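Chain by chain, the residues run as shown.
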Amino acid sequence: MRPGKLCGLAVVVALAATACGGAPDSGPGDDPGASGRPGFPVRIADCQGTTTTFAAPPRKIVTSNAAALEMLLRLGAGDRVIGTGFPPGKGALPGELGERARKVPVLGKHIVPKEKLLASGADLYIDTFASMGAMGGAGDAPTPEEFRAAGIKHVYLASTACAPTNGKPQRDLSAVEGDIRRLGAVTGTAERADALVAGMRAKLSAVHEAVGGLAAAKRPTYFFFDYDAGTKQPMAVCRKQLANAVITLAGARNIFDGCDGDFKAVSWEDVVAKDPDWIQLAVRNRGDAAADDAAYDRAAAFLKSFPATKGLTAVRKGRFLRIGSERTTIAGVRNAETVEEIAHTLHPARFKAAR
């Protein structure tokens, strides 16, 4: 995949294409000097192909959740964020990133209410959810006409928002890289975006060298247990969900790679029939390490005591990974770190041999 370049030309980025594994591309557009700014105008297409044009970087941004906020902070555009929904809990982001994130006004503990979003004074809203399973239909979202009337441009993170409608499964992080580069183009921080993507690729390259050549039959099977989605009926991550790419790159086989879409409610009988070698105890951030640890403990205790799961190979052998849900299912730089952590846990001998 070749990086997008900002050479004073309009950047045309198709979200749906990127989410399927393509890359940001430069292309001829309007008069390069029309905007008066290098790299602008920038044109961004949404999941349905509708194009939004930026003549200059946005000055006031609202993010739908912590993932989009983290991307902007890492890009150096965090000072332009005037509000967010689904804010990161204490300790969810490392060091200075967490301190800066806590200074961003919270417009909604969950979905940003429509009235607050439209009255926020923002000129850009970055949407992580759109058509994502349980997220997309939550709340009363503004219509395109209402966004236009409020002067707010609306763009998506393709790797999550557009994933359910894509024709291909996610088995690499090209869609995440595309998200980072698109936000870099829109905010005028393209060089920083390129550096972030390069850092991710360095991590992924080392993992690929160790486990990339593993045949499917030699990859351990892996179940992403979304504990917070409920224990009565498990929620599977399917082939179009970002977690499928994370699991695949780490040298494992998602036991629900065969289901289409991003998320799907399954039965415990389905899980038992696949008898995973490893289980990720995927809990959502509680706001502090002690609360997170307690949630991981509860998830493990459930699997050990529930009649349907206590005999599973992963449960009997204690093969649990305590990795947060957000950094596996939501786009971000830390997806590459999650790939590393899973790969090193499942294949320690291969990494020792590579040293």
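This text follows the structure it describes.
For every chain, the first residue of the written sequence is number 1, and numbering continues from 1 along that sequence. Local features in this predicted model are restricted to residues whose pLDDT is 70 or higher, and side-chain atom pairs enter the listing and the counts only when it is 80 or higher, whereas totals over whole chains, interfaces and linings include all residues. As a rule here, side-chain values cover all heavy atoms of the structure and leave hydrogens and water aside.

Caption draft 1: Broad picture of the overall build of the protein chain. Helix and strand labels come from DSSP, where a helix needs a run of H or I of at least four residues and a strand needs a run of E of at least two; each type is numbered from the N terminus. Assigned secondary structure in the protein chain consists of 16 helices and 15 strands. Categorising residues by exposure relies on relative accessible area from a 1.4 Å probe, with only protein chains included: less than 20% of the type maximum marks a residue as buried, more than 50% marks it as exposed, and the intermediate range marks it as partly exposed. Looking at the protein chain as a whole, 51% of its 355 residues qualify as buried. Contacts are assigned to residue pairs that have any heavy atoms within 4.5 Å of one another. Taking contacts inside the protein chain between residues at least 6 apart in sequence as the whole, the part at least 24 apart equals 68%. Of the accessible surface of the protein chain, which amounts to about 15,300 Å², a share of 52% is contributed by carbon and sulfur atoms. Per-residue accessibility takes into account occlusion by the displayed protein chains alone, with areas from the Shrake-Rupley method and a 1.4 Å probe.

Caption draft 2: Representation of the sheet that holds strand β14 (residues 278-282) in the model. Each pair of strands is called paired provided DSSP finds at least two bridges between the two strands. Spatial strand order, β12-β10-β14-β15: four strands in an open sheet with parallel pairing. Two strands bound the open sheet, and with one partner strand each, they are β12 (253-254) and β15 (320-321). Where β14 lies against β15, two bridges are found, and the strand directions are parallel. Looking at β15, one finds that Ile 279 is bridged to Phe 320.

Caption draft 3: Region of the structure containing the nonpolar core. Counting residues in each nonpolar core, the largest one holds 54 residues, and the members touching the most others are Phe 54, Ile 126, Leu 173, Ile 180, Tyr 222 and Ile 342. Ignoring anything within four residues of it in the chain, the contact list for Tyr 222 reads Ile 247, Ala 252, Arg 253, Asn 254, Ile 255, Pro 276, Trp 278, Gln 280, Leu 321, Ile 342 and Leu 346. We call a set of buried residues a nonpolar core when its members are Ala, Val, Leu, Ile, Met, Phe, Trp, Tyr or Cys and they connect through side-chain atoms within 4.5 Å of each other. Phe 225, Cys 238, Leu 303 and Ala 314 belong to the second largest nonpolar core, which has 24 residues in total.

Caption draft 4: How the structure looks around the layout of surface pockets. Grid points spaced at 1 Å over the protein atoms alone were grouped into cavities, where a 1.4 Å probe fits but cannot get out, and pockets, open sets with protein on both sides within 12 Å along at least five of seven lines, with lining residues defined by an atom within 4 Å of a point. Grid points are joined across faces, edges and corners, and a volume is the space filled by probe spheres set on the points. Roughly 1,100 Å³ of internal volume is contained in the largest pocket. In this structure, the largest pocket is lined by 41 residues; those nearest its centre are Arg 284, Asn 285, Ser 325, Glu 326 and Ile 330. Looking at the lining of the largest pocket, the element that brings in the most residues is helix α12 (residues 289-305), giving four residues. Its residues placed into classes, the lining of the largest pocket shows 20 nonpolar, 10 polar and 11 charged. Each residue gets one of three labels, nonpolar for Ala, Val, Leu, Ile, Met, Phe, Trp, Tyr, Cys and Pro, charged for Asp, Glu, Lys and Arg, and polar for the others, Gly among them.

Caption draft 5: View of the state of the cysteines. Disulfides are defined as cysteine sulfur pairs within 2.5 Å. Tallied over the full model, the rule gives two disulfides. Note on cysteine connectivity: Cys 47 is disulfide-linked to Cys 162, with sulfurs 1.9 Å apart. Its S-S torsion of approximately -75 degrees makes the covalent link between Cys 47 and Cys 162 left-handed. Pair noted here: Cys 47 is in the loop between β3 (42-45) and β4 (51-54) and Cys 162 is in the loop between α7 (158-161) and α8 (174-187), with a separation of 115 residues, a long-range link. Of the two residues, Cys 47 and Cys 162, both sit in the buried class. Of note for the protein chain: the bonded cysteines, numbered N- to C-terminal, pair according to 1-2, 3-4.

Caption draft 6: Just the pairing of strand β6 (residues 81-85), in detail. Burial analysis of β6 places four of its five residues in the buried class, the great majority of the element. Pairing geometry for strand β5 (residues 61-63) and β6, over three bridges, is parallel. Residue Ile 61 lies in a different strand from β6, and its bridge partner there is Val 81. One ladder, built from two bridges, connects β6 with strand β7 (residues 106-108); its direction is parallel. The partner of Gly 85 across the bridge, within β7, is Gly 108. Taking the sense of rotation as the criterion, the β-α-β connection linking β6, helix α3 (residues 95-101) and β7 turns out right-handed. A crossover gets the label right-handed when its path from the first strand over the helix to the second runs clockwise, viewed with the strands pointing away from the viewer.

Caption draft 7: Seen up close, the sheet that holds β6. Read from one edge of the open sheet, five strands run β7-β6-β5-β8-β9, paired in parallel fashion. Looking at the sheet topology across the chains shown, the edges are occupied by β7 and β9 (153-156). Pairs of neighbouring strands in the sheet enclose a mean axial angle of 25 degrees, with direction left out of account. In this analysis, axes come from line fits to C-alpha atoms, helices being fitted only over the stretch in contact, and the angle between any two N-to-C directions falls in the range 0 to 180 degrees.

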